[in-house]
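# Summary of the model geometry
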Amino acid sequence: PATAGGRAEEEPESAVASAEQQAEAEMAVYESYVLGMLTNFDSLPLDRIHNMLKMFVSDPPYDKTSAQLGGFLSKLCVQGKLGLTDTGEYKKS
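As a convention, each chain's residues are numbered from 1 in the sequence order in which they are written. Totals for whole chains, interfaces and linings use every residue, but because this is a predicted model, local features are given only for residues with pLDDT of at least 70 and side-chain atom pairs only at 80 or more, for both listing and counting. Side-chain numbers come from the whole structure's heavy atoms, not from hydrogens or water.

### What to know about the packing of helix H2 (residues 46-56) against helix H3 (residues 66-78)
Between N-to-C directions, angles span 0 to 180 degrees; the directions come from axes that are lines fitted to C-alpha atoms, helices contributing only their stretch in contact. Elements are defined by DSSP. Helices are runs of H or I of four residues or more, strands are runs of E of two residues or more, and each kind is numbered from the N terminus. Their axes nearest at 10 Å, the elements H2 and H3 cross at an angle of 110°. It follows that H2 is roughly perpendicular to H3 by the angle criterion. The handedness of the crossing between H2 and H3 is right-handed. Of H3, the residues touching H2 (which contributes Leu 46, Asp 47, Ile 49, His 50 and Leu 53) are Ser 66, Leu 69, Gly 70 and Leu 73. Basically, the charged four are Asp, Glu, Lys and Arg, the nonpolar ten are Ala, Val, Leu, Ile, Met, Phe, Trp, Tyr, Cys and Pro, and anything else, Gly included, counts as polar. When its residues are assigned to classes, the contact of H2 with H3 shows five nonpolar, three polar and one charged. By definition in this entry, angles of less than 35 degrees are roughly parallel, angles greater than 145 are roughly antiparallel, angles of 65 to 115 are roughly perpendicular, and the rest are oblique. The handedness criterion is simple: a crossing whose near helix is rotated anticlockwise from the far helix by less than a right angle is left-handed, and one whose near helix is rotated clockwise is right-handed. The contact criterion used is simple: two residues touch if any of their non-hydrogen atoms lie within 4.5 Å.

As structure tokens, this is what we get:
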């Protein structure tokens, strides 16, 4: 019983870890789109980036929420790839 319980605890953790890794990999696909947008525009608000991704990204289809995108863009800011303007818009670093 203890062994079975141990396995049961490990499986959900690895499933969560792989789900997080899969989500990060999916979002990484959108990084080049975001950087391309911000090459063409000096800065853009989250909503505009979100709407442009919904309109233009079809492979893989963009199906993230605005909150998920915001979290991803925040990670890009921490990594030094993006920055925020005084008005809260995203820009290339």
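### Some thoughts on the packing of aromatic side chains
The pairing test for Phe, Tyr and Trp rings, Trp by its six-membered ring, is centres within 6.5 Å, and the orientation test on the planes gives stacked under 30 degrees, edge-to-face over 60, and tilted for anything in between. Taken as a whole, this structure holds one aromatic pair when the rule is applied. Arranged with centres 5.1 Å apart and planes meeting at 85°, the rings of Tyr 30 and Tyr 62 form a pair that is edge-to-face. A residue pair is termed long-range when its members are at least 10 positions apart, and Tyr 30 in helix H1 (residues 2-40) and Tyr 62 in the loop between H2 and H3 qualify at 32 residues. Any residue under 20% of the maximum accessible area for its type is buried, any over 50% is exposed, and the rest in between are partly exposed; the area is computed with a 1.4 Å probe on protein chains only. A residue is classified by how much of its surface remains accessible, and Tyr 62, at 8% relative accessible area, is buried. Positioned above the aromatic ring of Phe 41 is the side chain of Arg 48, whose terminal nitrogen or guanidinium carbon lies 4.8 Å from the ring centre. When the NZ atom of lysine or the CZ atom of arginine is within 6 Å of a ring's centre and also within 35 degrees of its normal, the charge is said to sit over that ring.

### Looking at the environment of Tyr 62
Considered as a pair, Tyr 62 and Tyr 30 are 32 residues apart in the sequence and their alpha carbons are 8.3 Å apart. If we skip the residues at most four places from it in the chain, Tyr 62 touches Tyr 30, His 50, Leu 53, Lys 54, Val 57 and Leu 69. Whenever two N or O atoms come within 3.5 Å, that pair is a polar contact, provided that in protein one can donate a hydrogen and the other can accept it, and provided that, for residues adjacent in sequence, both atoms are side-chain atoms. Among the polar contacts made by the side chain of Tyr 62, one reaches the side chain of His 50 at a distance of 2.9 Å.

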